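# Observations on chain architecture
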Amino acid sequence: MSGVPLLSIMLAVPAIAAVACLFTTAQNARWIALIATLVDFALGIALWSQFDIGGPQWQFVEDAGSLGVFGWKLGIDGFALMLVMLSVFLMPICIGASWVAVTDRVQEYMAAFLFTEVLMIGTFTAQDLFLFYIFFEAGLIPMYLIIGIWGGANRIYASYKFFLYTLLGSVLMLVAMLWMANFAGTSDIPTLLNTDFPVQAQTWLWLAFFASFAVKMPMWPFHTWLPDAHVQAPTAGSVILAGVLLKLGGYGFLRFSLPMFPEASAQLAWLILGLSAVAVIYTSLVALVQSDMKKLIAYSSVAHMAIVTIGLFAFNRQGIEGAMVVMLSHGLVSAALFLCVGVIYDRLHTREISRYGGLAINMPKYAVLFLLFTMASIGLPGTSGFVGEFLSLAGTYRVSTTITLLCTTGIILGAAYMLYLYRRVVFGEIVHDDVRAMPDLSLREVALLAPIAAVVLWMGVYPESFLAPMRGDVGTLEARIARAAPKGDSLPTMGKAVALPVHHAEARP
């Protein structure tokens, strides 16, 4: 498939379908959106199968030349490949999850989701600084509309909060990008990755990018928009928000902050590690007392994304690989958990945990799948959650034993709030008659959850499939940041040589 502009086609398919959805009936819009997202998923599989592991860093590069202030240049490395695959895998599931639940303004809803797909893929594949910024920021608009139009009772407040938080952080990033392009004389991202910016300027540039990426992650204490957005968003909106949009911040740290500003990243690593440790403990404790299922999972997302940031700023291979696997795993598991909440919300129209109980009796298929995703969220060996968390914490241990100890408590707290949630929803006696009348998973719902379950187990049993495409890029990044890597407190230090007294054997007659 050499010579085929695969990435541009992957952007064009959902864009054309989104426009088509606006000029047809509601049922046709559903089918157009589903077919377009499945086509993009098939193109993603082609992309993965054609990706040359061990080949050049940048592959499938398309350069249409300069278009005014920026150039249309696309390309992927192993990191971008995995995140593009996550996006195209989850998008058909989102369309399927909305098939019955959304009945109002269906055409516009499907168009908004398709435009979201365009902008997510564009963000991960853009190789021009300003093209990246346009995709990165424009992704706010369809999600803002999805929450604001099809959300819950407080949707207007939640959508404004989401938009303002994420937009304000990005203004500083744009200023930094303008300075970088002026300094380097180019806005080409691969060139900028090998540009050595002055150490004095790096700190300010790093902080400007941090203002945007920390909100997108979201890191504590910039996370307060996330629970509101999740609670008010429709089920599919929560799936794509937790599954992919939260990964934009992690991708930003990986693509820009670490390789472009290695000295500043090392100097300010204490800030990242400190905030992440607080996030793991604080948001886990907050999740433990939630009465709303969506809010509990939203707070757990903040804790899991903190494991990503400590892994990235461990400055070693285990940490970076672990952070990427956690991003992929969390994208799948959190998406599945929000789908599980959506399944029972569609039947009872409440997310209050206390309204449920005993679902294992009349919804056994649901109980089994929900258990799998609960265990993956906790990090049970054999699931995707274990691989990423183990690697991230192993990498962080080489830098700071204290931070590792604090963040490891997140695994215990995670088990506490997830198992507590599962016990209250699935076990016990059925108290309410309307809960007793709830039917088990339909064929459509099984079709949505089963593929995610399969990939969660695949990643847990054979993570090499996902690590292999990224290994060369991790090595490149590690070599770039090695000169600034902070010394860890867990490595043995050389002692001083001590001269031992020499005992001469006595001569015997």
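What you see is a predicted model, and the numbers here were worked out from it, not measured in a lab.

So, on to the overall build of the protein chain. Secondary structure assignment for the protein chain yields 23 helices and 2 strands. Taking 509 residues into account, the globule formula puts the C-alpha radius of gyration at 23 Å, and the protein chain, at 24 Å, falls close to it. Dimensions of the protein chain, computed from C-alpha atoms along their principal axes, come out at roughly 105 × 65 × 40 Å. Counting the 509 residues in the protein chain, one finds 61% classified as buried. In the protein chain, the proportion of contacts linking residues at least 24 apart, taken out of those at least 6 apart, comes to 82%. Summed over all atoms, the accessible surface of the protein chain reaches about 19700 Å², with 68% contributed by carbon and sulfur. Across the protein chain, the mean location of the 26 positive side-chain charges is 6 Å away from that of the 29 negative side-chain charges.

Counted under the stated rule, the structure contains 12 salt bridges. Residue glutamate 321 is joined to arginine 317 by a salt bridge in which the shortest nitrogen-to-oxygen separation is 3.1 Å. Pair noted here: glutamate 321 and arginine 317 are both in helix α16 (residues 317-348), with a separation of 4 residues, about one helical turn. Taking the relative accessible area as the measure of exposure, arginine 317 reaches 25% and is therefore partly exposed. For aspartate 433, the salt bridge identified is with arginine 436, shortest N-O distance 3.0 Å. With aspartate 433 and arginine 436 both in helix α21 (residues 433-436) and 3 residues apart, this pair spans about one turn of that helix. One salt-bridge network, held together by shared partners, links Arg317, Glu321, Glu464, Arg471 and Glu478.

The computed volume of the largest pocket comes to approximately 490 Å³. Taken together, 27 residues form the lining of the largest pocket, with Ala101, Pro234, Thr235, Tyr345 and Asp346 sitting closest to its centre. Those elements that place two or more of their residues in the lining of the largest pocket are α3 (78-101), α10 (225-232), α11 (235-245), α16 and α22 (443-461). Its residues assigned to classes, the lining of the largest pocket shows 12 nonpolar, 8 polar and 7 charged.

What follows concerns the UniProt feature "domain: NADH:quinone oxidoreductase/Mrp antiporter transmembrane" (unreviewed entry) in the protein chain. Listed under "domain: NADH:quinone oxidoreductase/Mrp antiporter transmembrane" (unreviewed entry) in the UniProt record, and renumbered for this structure, are residues 126-410. For residues 126-410, helix accounts for 80% and strand for 0%, while the C-alpha atoms at its two ends are 35 Å apart.

Once that is clear, we can look at the packing of helix α5 (residues 129-138) against helix α7 (residues 155-184). With their axes 11 Å apart at the nearest point, α5 and α7 run at an angle of 175° to one another. It follows that α5 is roughly antiparallel to α7 by the angle criterion. Side by side, α5 and α7 meet where Leu129, Phe130, Phe132, Tyr133, Phe136 and Glu137 of the first sit next to Thr166, Leu167, Ser170, Val171, Met173, Leu174, Met177, Leu178, Met180 and Ala181 of the second.

With the rule as written, the count across this model stands at 29 aromatic pairs. Each ring, one from tyrosine 366 and one from phenylalanine 370, has its centre 5.6 Å from the other, and the planes form 45°; the classification is tilted. Of the two residues, tyrosine 366 and phenylalanine 370 both sit in helix α18 (residues 364-378), 4 residues apart, roughly one turn of that helix. A relative accessible area of 0% places tyrosine 366 in the buried class. Lying over the aromatic face of phenylalanine 136, lysine 216 brings its terminal NZ or CZ to 4.2 Å of the ring centre. Over the ring of tyrosine 345 we find arginine 351; its NZ or CZ atom is 5.2 Å from the centre of that ring.

Take serine 284: it is sitting in helix α14 (residues 269-288). Only 2.5 Å separates the side chain of serine 284 from the backbone oxygen of valine 280, close enough to count as a polar contact. Not counting residues up to four positions away in its chain, the partners in contact with serine 284 are Ala279, Ala303, Gly410, Leu413 and Tyr417.

Three or four residues apart is the spacing at which side chains of an α-helix point the same way, because the helix has 3.6 residues per turn. Within α11, 11 of the 11 residues are buried, which leaves the element mostly enclosed by the surrounding structure. Here α11 has its buried residues at Thr235, Ala236, Gly237, Ser238, Val239, Ile240, Leu241, Ala242, Gly243, Val244 and Leu245.

This next bit is on unusual backbone geometry. Cis geometry marks the peptide bond from methionine 217 to proline 218; its omega dihedral reads -5°. For proline 218, the position within the fold is in the loop between α9 (199-216) and α10. With an omega dihedral of 5°, the bond running from tryptophan 220 to proline 221 counts as a cis peptide bond. At phenylalanine 60, a position not held by glycine, the phi torsion is positive, near 55°.

In this fold, serine 377 is placed in helix α18. The spacing of serine 377 and histidine 330 is 47 residues in sequence and 7.5 Å in space, taken between C-alpha atoms. What serine 377 contacts, discounting residues up to four positions off in sequence, is His304, Val333, Leu337, Glu389 and Met418.

Take the packing of helix α19 (residues 384-397) against helix α20 (residues 401-426) next. Contact pair α19 / α20: the axes reach a minimum separation of 8 Å and the direction vectors enclose 160°. In terms of orientation, α19 lies roughly antiparallel with respect to α20. Once α19 is placed against α20, the crossing between them reads as left-handed. Touching Glu389, Leu393, Thr396 and Tyr397 of α19 are Thr401, Ile403, Thr404, Cys407, Thr408 and Ile411, all from α20. When the residues that make up the contact of α19 with α20 are grouped by side-chain class, the tally is 5 nonpolar, 4 polar and 1 charged.

A few words now on the nonpolar core. Counting 192 residues, the largest nonpolar core has Ile344, Phe373, Val425 and Ile452 as its most contacted members. Discounting residues that sit within four places of it in the chain, valine 425 has contacts with Met293, Ile344, Ile353, Tyr356, Gly357, Gly358, Leu359 and Phe370.

The rules behind the values
Residues numbered from 1 in each chain as written. Predicted model: local features only at pLDDT ≥ 70, side-chain atom pairs only at ≥ 80, totals over all residues. Heavy atoms only, no water. Helix = DSSP H or I, 4+ residues; strand = E, 2+ residues; numbered from the N terminus. Rg over C-alpha atoms; globule rule 2.2 N^0.38 Å. Buried < 20%, exposed > 50% of the residue type's maximum accessible area, 1.4 Å probe, protein only. Contact = heavy atoms within 4.5 Å. Areas by Shrake-Rupley, 256 points an atom, 1.4 Å probe, with all protein chains shown as cover. Lys, Arg positive; Asp, Glu negative; His and termini not counted. Charge placed at Lys NZ, Arg CZ, Asp CG, Glu CD. Salt bridge = Lys/Arg side-chain N within 4 Å of Asp/Glu carboxyl O. 1 Å grid on protein atoms, 1.4 Å probe; cavity = no way out; pocket = protein on both sides within 12 Å on 5 of 7 lines; lining within 4 Å. Points joined across faces, edges and corners; volume = space filled by probe spheres on them. Nonpolar A, V, L, I, M, F, W, Y, C, P; charged D, E, K, R; others polar. UniProt positions renumbered as here; feature names shortened; annotations may be inferred. Axes fitted to C-alpha atoms, helices over the stretch in contact; angles between N-to-C directions. Parallel < 35°, antiparallel > 145°, perpendicular 65-115°, else oblique. Phe/Tyr/Trp six-rings, centres within 6.5 Å; stacked < 30°, edge-to-face > 60°. Lys NZ or Arg CZ within 6 Å of the ring centre and 35° of its normal. Polar contact = N/O pair within 3.5 Å; in protein donor to acceptor, adjacent residues only side chain to side chain. Left-handed = near helix turned anticlockwise from the far one by under 90°. Core = buried A, V, L, I, M, F, W, Y, C linked by side-chain atoms within 4.5 Å.

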